[in-house]
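# Structural characterization, general
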Amino acid sequence: MTTQHHPAPTAPAVTPPDIRLIVTDMDGTLLDADGRIPDEVWPLLAELNRRGIVFCPASGRQYATLAAQFAAVDDGGMVYVAENGTYVVRGGTELSSDVLDPAVVSWIVASVRDLADASGPGGADVGVVVCGKQSAYVERSDEAFMTEVRKYYRNHRVVDDVTAVDDDVIKVAVFDFGQAERTVAPALAPLAETHQVVVSGAHWVDVMNPTANKGVAVRGLQRDLDITPAQTMVFGDYLNDLEMLDAADWSYAMAGAHPDVLRRARHRAPAHTENGVVRTVREVLGLPPLD
């Protein structure tokens, strides 16, 4: 009798999902420990472009800052969700914006000035950034504060009165050298009934219209591009990312993310210090892993 040898069964090939939009936060998510875009991002973006997948940075950062960071690879197809969703731009063209009432801007600025004056000798160590479409505007000009401003606002101006600028204001950001969640957020809490008051980092609080957040911006982008949540990947790590996580079936919280983000996201990604976004995208799309 002749014994027949049959090959061992092989696992069926896994078909990558039909991803057409990838949205990622920047700080604590895509950027490395030094606040830079990892080198491994650039070949991935080339592959996404080849596949027709739209890549979208979504950040509290200014549009001019984001555009400069990706200028070398953006051929006009990238979409920027800037200023926490209040300003969305593609190919240099505004897709949407959400402008604050000047009276609200004045109230926020006055509250921050009071906070600086009322918290003991020298006041709280805080500074306000009024974010317009053309530029960001500040009154503080000391180097410690300006170092933080430059990280996020490529276009910025020091002015005598930030409430008197001639620009469409889309966000007001407050930097606290202490803990923003304990100091600035409570001071601006009365506005939370009518506006978005978001702790966007350990030292930052952002105020926007109630209709503005990253999630609203992503859903609007999905409508414009005819892309579904099932075709969308989103990565985030902090509270200003919560709403956009809800806009994607493929929602990822970075390792070490805020507890609320970990609870909200459907999936986990390695930490930003481990190139978590790149590793995860490559795995989901079936690309060779990083060395």
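Now for a description of the structure that goes with this document.

Rules and cut-offs
Residues numbered from 1 in each chain as written. Predicted model: local features only at pLDDT ≥ 70, side-chain atom pairs only at ≥ 80, totals over all residues. Heavy atoms only, no water. Pairing = 2+ DSSP bridges. Helix = DSSP H or I, 4+ residues; strand = E, 2+ residues; numbered from the N terminus. Axes fitted to C-alpha atoms, helices over the stretch in contact; angles between N-to-C directions. Contact = heavy atoms within 4.5 Å. Core = buried A, V, L, I, M, F, W, Y, C linked by side-chain atoms within 4.5 Å. Buried < 20%, exposed > 50% of the residue type's maximum accessible area, 1.4 Å probe, protein only.

### Details of the sheet that holds strand 3 (residues 79-82)
A sheet is described by the order of its strands in space; here three strands give the open sequence 3-4-5, paired in antiparallel fashion. Edge positions in the sheet fall to strand 3 and strand 5 (93-97), since each of these pairs with one other strand and no more. The mean angle between the axes of side-by-side strands here comes to 20°, regardless of whether they run parallel or antiparallel.

### What about the side chain of Thr280?
Inspection of the secondary structure puts Thr280 in helix 10 (residues 276-285). Residues within four places of Thr280 in sequence aside, it is in contact with Met233, Phe235, Tyr252, Ala269 and Pro270.

### Points about the nonpolar core
Val23, Ile108 and Val126 are the most contacted members of the largest nonpolar core, which totals 51 residues. Here the element with the most residues in this core is helix 4 (residues 102-118); it accounts for seven residues. In contact with Ile108, not counting residues within four places along its chain, are Val172, Leu188, Leu191 and Val207. With 32 residues, the next largest nonpolar core counts Ile19, Ile22, Phe55 and Ala269 among its residues.

Interpretation note: all reported values are geometric properties and have no functional meaning in isolation.
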